[in-house]
Amino acid sequence: MPADIVVEAHGLGVTFEADGQRTVALTDVSLAIRAGEFVSLIGPSGCGKTTLLRLIADLEQPGAGRLLVNGTTPEQARLQLAYGYVFQAPALYPWRNVTRNVTLPLEVMGMDRAQRQARAARVLDLVGLTEFRRRFPWQLSGGMQQRVSIARALSFEPGLLLMDEPFGALDEITRDGLTLHLHALWRRTGLTAVFVTHSIPEAVYLSTRIVVMSPRPGRVVEVIDCDLPAERTLDLRDTPAFIAVAHRVREALRAGHSYD
Amino acid sequence: MTRVLPLACVLACVLLIWMAAVVPMNWDQAQALADDGAQWQDVAWATLSLDRPLLPAPHQVAGELIGSIAGWPVTSPRSLVFHAVVTFAAAVVGFVLALALGVALAVGIVHVRTLDRALMPWVIASQAVPVLAIAPMVVVVLGNLGLTGLLPKALIAGWLSFFPITTGMVKGLRSPDPMQRDLMRTYSATPRQEFAKLRWPASMPFLFPGLKVAAPLALVGAIVAELPTGAQAGLGARLLAGSYYGQTLQIWAALFMAAVLAVLAVAAVDLAQAVMLSRRGGRL
Ligand SMILES: Nc1ncnc2c1ncn2[C@@H]1O[C@H](COP(=O)(O)OP(=O)(O)O)[C@@H](O)[C@H]1O
Ligand SMILES: [Mg+2]
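Residues numbered from 1 in each chain as written. Chains lettered and ligands numbered in written order. Predicted model: local features only at pLDDT ≥ 70, side-chain atom pairs only at ≥ 80, totals over all residues. Heavy atoms only, no water.

The name an unreviewed UniProt entry assigns to chain B is ABC transporter permease subunit, from the organism Limobrevibacterium gyesilva. UniProt annotates chain B under Sequence similarities (unreviewed entry) with the comment "Belongs to the binding-protein-dependent transport system permease family." Looking at the Subcellular location (unreviewed entry) heading of the UniProt record, one finds this comment for chain B: "Cell membrane". (UniProt positions renumbered as here; feature names shortened; annotations may be inferred.)

Okay, here's the thing in structure tokens:
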């Protein structure tokens, strides 16, 4: 296996059992994500995007197939703090202010106080929240809360950032701002990112590759390269190249549906 | 001002009803003591100032309170403050015991699955025991075992007050949502870290309502535990002595003192909560 493969999945399958009902969340998912890529998982809700992300994070166990993260088991990777996870909701601890939310993983790691403060200052600057560092979560807008949550995921400098529809609950204007911001951040840090979304423009704008998934059971329909210029602005969304990629994604999503 | 006014209204209403009840309640006694030719106005007037009234008038209770608080040095057994301190000390120790037991039980119940099934029924059963009814017996038994003074009273107070703390903490320790817990898992946090950094702080908003219920209960427990064995000190002893000798004024003064102590105890819990809140940005 090449050294620069961060996530490698072969024939992954997950089946949930709840109330005697079996749900096949994923079947035969194979995928390889290289270091420095920005990969979006897109598909209708219920197609297993969250489940796939949680498998990589070792929050869920596969029923079938093989999954390697950084060349080791997902559990090993988790124990090495290989990834930062951004949940669908900010999941901030309301009794901690912004800085202390960001330093939470550092406390768990046992980092000393001065170092924690320095790290928090740096990542809060990265997400543009320096002046809000002493605020409490309820004093922030939804978009700011989600930026805190991204800062928290970055604070311990993981090589891999896993994001589950981080902007899903936000209004479109805020979303656009955060999408720009996230792109700039990814370019600056050189992280590998796996990003779950159900927004086509968001996926096209941010990604180097787009994994299109189909619903029930969740499968990979198509993996689309998104070779737009590295330097991206919102205006890019009106260019023919952008529209062409978006069109391919839409077609793939439609193809996924027609299997039903 | 907006808080004082409603409070004053309620107080005025209570005093009016109280005054209105004093006359009929004490009528027979006042009439028996009155001269033969006494007018009904004289009898009514006399109901307000009997020595051992069935229901003392508010000003009589106030007079007794002031007399028994200010009239004696606080170290004297005739001082109401002396008795209040004795009871309050037992209640505070009982409350601290209840806090320790309540939190320990909750931690066990939340973290050890078998304890959830094994302990909870006993905790509930312990609350079905009419502690108030058997407290005198418990105190006597403990006395025979050599436990006298503050400790038996504190044990009763603790027994009576740990339950709301346990239930509040169980709920609080279980309050973190799956996402907040998954977050800890992504950091590979140990169970101990998850407890210290997530479950414990998340439980605090659930602890304080429990403490507010527990504080007056601890006070009731301490007072009840003073009733038997002819305890010489404490509000319970004052109540008992008062009823032996028909000293209704003394009983009512002790009751008011108990109410004041309960208010103080709840205020102390509120203060502790305010301190916690200020460190959390004033919310939750
Ligand atoms: N813990 C679980 N227990 C039972 N079913 C689940 C569980 N998690 C997810 N599922 C089911 O698996 C399917 C995929 O879910 P999910 O991965 O959350 O989809 P997505 O994130 O793409 O919306 C859904 O049908 C969902 O109901
Ligand atoms: Mg999802």
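Now, onward.
(A) Structural detail: the overall build of chain A. Across its full length, chain A holds nine helices and nine strands. Taken over the C-alpha trace, chain A has a radius of gyration of 18 Å; the compact-globule value for 260 residues is 18 Å, and the two agree within 12%. Residue burial in chain A is summarised as follows: out of 260 residues, 54% are buried. Counting 28 positive and 28 negative side-chain charges, chain A places the centres of these two groups 6 Å from one another. (Helix = DSSP H or I, 4+ residues; strand = E, 2+ residues; numbered from the N terminus. Rg over C-alpha atoms; globule rule 2.2 N^0.38 Å. Buried < 20%, exposed > 50% of the residue type's maximum accessible area, 1.4 Å probe, protein only. Lys, Arg positive; Asp, Glu negative; His and termini not counted. Charge placed at Lys NZ, Arg CZ, Asp CG, Glu CD.)

(B) Quick peek at the environment of F38 of chain A. Residue and element names in this part refer to chain A. Relative to the elements of secondary structure, F38 occurs in strand β3 (residues 38-42). Counting along the chain gives 81 residues from F38 to R119, while the straight-line C-alpha distance between them is 24 Å. Once you skip the residues sitting within four places of it in the chain, F38 turns out to touch M163, L182, W186, A193, F195, L206, S207, T208 and R209. (Contact = heavy atoms within 4.5 Å.)

(C) Broad picture of helix α9 (residues 191-225) of chain B. The terminal C-alpha atoms of α9 of chain B lie 41 Å apart, and with 35 residues this falls more than 12% below the ideal 51 Å at 1.5 Å per residue. Of all the bends in α9 of chain B, the greatest, near 45°, is centred on M204 of chain B, and the proline P205 of chain B appears no more than four residues after it. (Expected span 1.5 Å × (residues − 1). Bend = angle between axes of the 7 residues up to and from the residue.)

(D) Spotlight on the site of ligand 1. Residue and element names in this part refer to chain A. The environment of ligand 1 is made up of F16, T23, A25, S45, G46, C47, G48, K49, T50, T51 and R216. One nitrogen or oxygen atom from the main chain of C47 is found 3.2 Å from an oxygen atom belonging to ligand 1. One of the side-chain N or O atoms of T51 is found 2.5 Å from an oxygen atom in ligand 1. Summarising the interface, the protein chains cover 66% of the accessible area of ligand 1, which totals 560 Å² for the free molecule. At the level of secondary structure, the elements contributing two or more residues to the shell around ligand 1 comprise β2 (21-34) and α1 (49-56). (Near = heavy atom within 4 Å. Polar contact = N/O pair within 3.5 Å; in protein donor to acceptor, adjacent residues only side chain to side chain. Areas by Shrake-Rupley, 256 points an atom, 1.4 Å probe, with all protein chains shown as cover.)

(E) Looking closely at the interface of chain B and chain A. On the chain A side, the residues contacting the 20 residues of chain B number 26 residues. Between chain B and chain A, the buried area comes to about 2,200 Å², and carbon and sulfur atoms account for 65% of it. Taken together, the connections running from chain B to chain A amount to three salt bridges. Linking K197 of chain B and E107 of chain A is a salt bridge whose minimum nitrogen-to-oxygen distance equals 3.0 Å. (Buried area = accessible area lost by both parts, 1.4 Å probe. Salt bridge = Lys/Arg side-chain N within 4 Å of Asp/Glu carboxyl O.)

(F) Examining the pairing of strand β6 (residues 160-164) of chain A more closely. Residue and element names in this part refer to chain A. Counting buried residues along β6, five of its five residues qualify, which places the element largely inside the surrounding structure. Of the two faces of β6, the one carrying L160, L162 and D164 and the one carrying L161 and M163 are both buried. Here strand β5 (residues 83-86) pairs with β6 via four bridges, running parallel. From the neighbouring strand, G84 faces β6, where its bridge partner is L161. Sheet analysis places β6 next to strand β7 (residues 192-197), joined by five bridges and oriented parallel. (Pairing = 2+ DSSP bridges.)

(G) Representation of the nonpolar core in the model. Residues and elements named next belong to chain A. Counting 48 residues, the largest nonpolar core has V204, I210 and V249 as the members making the most contacts within it. Of the domains in this structure, domain 1 (1-82 + 161-169 + 181-260) and domain 2 (90-157) are the two that each give at least three residues to this core. Beyond its immediate sequence surroundings of up to four residues, I210 is in contact with S40, I42, A203, V204, E222, V223, I224, C226, V245 and V249. In terms of nonpolar packing, the next biggest core, distinct from the first, is built from 46 residues, L31, I33, V69 and L106 among them. (Core = buried A, V, L, I, M, F, W, Y, C linked by side-chain atoms within 4.5 Å. Domains from an automatic or database assignment.)

(H) Just the confidence of the model for chain B, in detail. All names here are of chain B. Averaged over every residue, the pLDDT of chain B is 89; the share at 70 or more is 98%. Confidence, expressed as mean pLDDT per element, reaches its minimum in chain B at helix α6 (residues 131-144) with 82 and its maximum at helix α8 (residues 178-186) with 96. Scored as a complex, the prediction yields pTM 0.88 and ipTM 0.92. (pLDDT = per-residue confidence, 0-100.)

(I) Layout of the sheet that holds β3 of chain A. All names here are of chain A. If you walk across this open sheet you meet the six strands as β5-β6-β7-β3-β8-β9, and the pairing is mixed. Two strands lie at the open edges of the sheet, namely β5 and β9 (219-225), each paired on one side alone. If you compare each strand with its neighbour and ignore which way they point, the axes differ by 15° on average. Alignment of β3 against β7, held across five bridges, turns out to be parallel. The partner of F38 across the bridge, within β7, is A193. Contacting β3, β5, β6, β7 and β8 (209-214), α1 runs over the sheet at an angle of about 150° to β6. (Axes fitted to C-alpha atoms, helices over the stretch in contact; angles between N-to-C directions.)

(J) Highlighting the UniProt feature "transmembrane region" (unreviewed entry) in chain B. Residue and element names in this part refer to chain B. Feature annotation in UniProt places "transmembrane region" (unreviewed entry) on residues 80-110, 122-142, 154-173, 206-231 and 251-277, given in this structure's numbering. Between the first and last C-alpha atoms of residues 154-173 the distance is 27 Å; the span itself is 100% helix and 0% strand. Across residues 251-277, the secondary structure splits into 100% helix and 0% strand, with the terminal C-alpha atoms separated by 39 Å.

(K) Expanded view of the sheet that holds β2 of chain A. All names here are of chain A. Sheet architecture is open: three strands sit in the order β2-β1-β4, paired in antiparallel fashion. With partners counted over all chains shown, the strands left at the sheet margins are β2 and β4 (64-69), one partner each. Ignoring which end each strand starts from, the neighbouring axes of this sheet average 20° apart. The sheet contact formed by strand β1 (residues 5-18) and β4 spans five bridges and is antiparallel. Looking at β4, one finds that A9 is bridged to L67.

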